[in-house]
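# A structural walkthrough
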Amino acid sequence: MSKRQTHRIIVSAAALAGLTLSATVFAAQPVGPDLTEKLRGLLVKEMVEVEAAMQETYSAIIQGRHDEVAQKGQAIHDSFILEQSLTEQDRQDLKAAVPEAFLQMDTRFHQLAASLAEAGKQQNTQAQVNTFNRMTESCVACHSRYVTDRFEGLEEQSFSEAWGNNAGEERPE
Ligand code: HEC
């Protein structure tokens, strides 16, 4: 085998290893089925409320109802599953069932909700629109990774890895 061929084989092996690695890191891992019935019930309830609050926020933003934006942002923030009255056992069950990255995404999402409330208080429409968009990215990022058992249409979508992962950071528009 020539030196050149050997080199080529090593390069393809490395590329293959890289592919396998990224597939492992970004593989979809549905979390719902691993939750206890109680936790899953709480999460679904939270999600339904969050979606309704997002739709109301949209109407409020585009019509300049700043107080309502602030109030909805706060409500979404407070719906945080970990903030609810979970028993110590529930907390342990949750942590055992979901990957750390899921909890981090949830935390970032709720930080964004706090930013939305702030943008409402400041009557800053530009910041409200930016934050609302970041929140939508966050929904899609989490669902495309952890809810593919239910939202098949989000499987194998490609979008920025930053989605759902950069709350609080300024991004060029
Ligand atoms: C950190 C992860 C995460 C984020 C962020 C997230 N979701 Fe979800 N969402 C889930 C999971 C997990 C489920 C599936 C729950 C189940 O079926 O067990 C779900 C399910 C849902 C559902 C279906 C509820 C039902 O009727 O069963 C809706 C609607 C929803 N999410 C809306 C939203 C919206 C809107 C956002 C953003 C504003 C959002 N979600 C952000 C994790 C997330």
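The shown structure was predicted, so the numbers you read here are calculated from the model rather than taken from an experiment.

## Quick look at the overall build of the protein chain
When its secondary structure is counted, the protein chain shows 6 helices and 0 strands. Going residue by residue from the N terminus, the α and β elements of the protein chain occur as α-α-α-α-α-α. Across the protein chain, contacts joining residues at least 24 apart in sequence account for 69% of those joining residues at least 6 apart.

## Let's talk about the nonpolar core
Ranked by size, the top nonpolar core spans 17 residues in total, and within it Val69, Phe109, Leu112, Ala113, Leu116 and Met135 carry the most contacts. Elements supplying a minimum of two residues to this core: helix H2 (37-62), helix H3 (66-78), helix H5 (100-121) and helix H6 (125-146).

## Details of the site of the ligand
Around the ligand, the structure places 22 residues, and the nearest of them are Gly32, Met47, Asp106, Cys139 and Cys142. Here the shell around the ligand gets 8 residues from one element, more than from any other, and that element is H2. The residue inventory of the shell around the ligand, partitioned by class, reads 15 nonpolar, 3 polar and 4 charged.

## Description of the confidence of the model for the protein chain
Per-residue pLDDT for the protein chain averages 84, and the proportion of residues at 70 or more is 76%. Of all secondary-structure elements in the protein chain, the lowest mean pLDDT belongs to helix H1 (residues 3-26), at 55, while H6 reaches the highest, 96. In this model, residues 20-25 is a region of pLDDT below 50 whose contacts with residues beyond four sequence positions or in other chains number 0 contacts.

## Quick word on the packing of H3 against H5
The contact between H3 and H5 brings their axes to 7 Å, and the two run at 160°. Overall, the two elements H3 and H5 adopt an arrangement that is roughly antiparallel. The handedness of the crossing between H3 and H5 is left-handed. Between H3 and H5, the residues in contact are His66, Asp67, Val69, Ala70, Gly73, Gln74, Ile76 and His77 and His110, Ala113, Ala114, Leu116, Ala117, Ala119, Gly120 and Lys121, respectively. Taken together, the residues of the contact of H3 with H5 break down into 8 nonpolar, 6 polar and 2 charged.

Definitions and limits used
Residues numbered from 1 in each chain as written. Predicted model: local features only at pLDDT ≥ 70, side-chain atom pairs only at ≥ 80, totals over all residues. Helix = DSSP H or I, 4+ residues; strand = E, 2+ residues; numbered from the N terminus. Contact = placed C-beta atoms within 7 Å. Core = buried A, V, L, I, M, F, W, Y, C linked by C-beta atoms within 7 Å. Buried ≥ 20, exposed ≤ 12 C-beta atoms within 10 Å, placed from the backbone. Near = placed C-beta within 6 Å. Nonpolar A, V, L, I, M, F, W, Y, C, P; charged D, E, K, R; others polar. pLDDT = per-residue confidence, 0-100. Axes fitted to C-alpha atoms, helices over the stretch in contact; angles between N-to-C directions. Parallel < 35°, antiparallel > 145°, perpendicular 65-115°, else oblique. Left-handed = near helix turned anticlockwise from the far one by under 90°.

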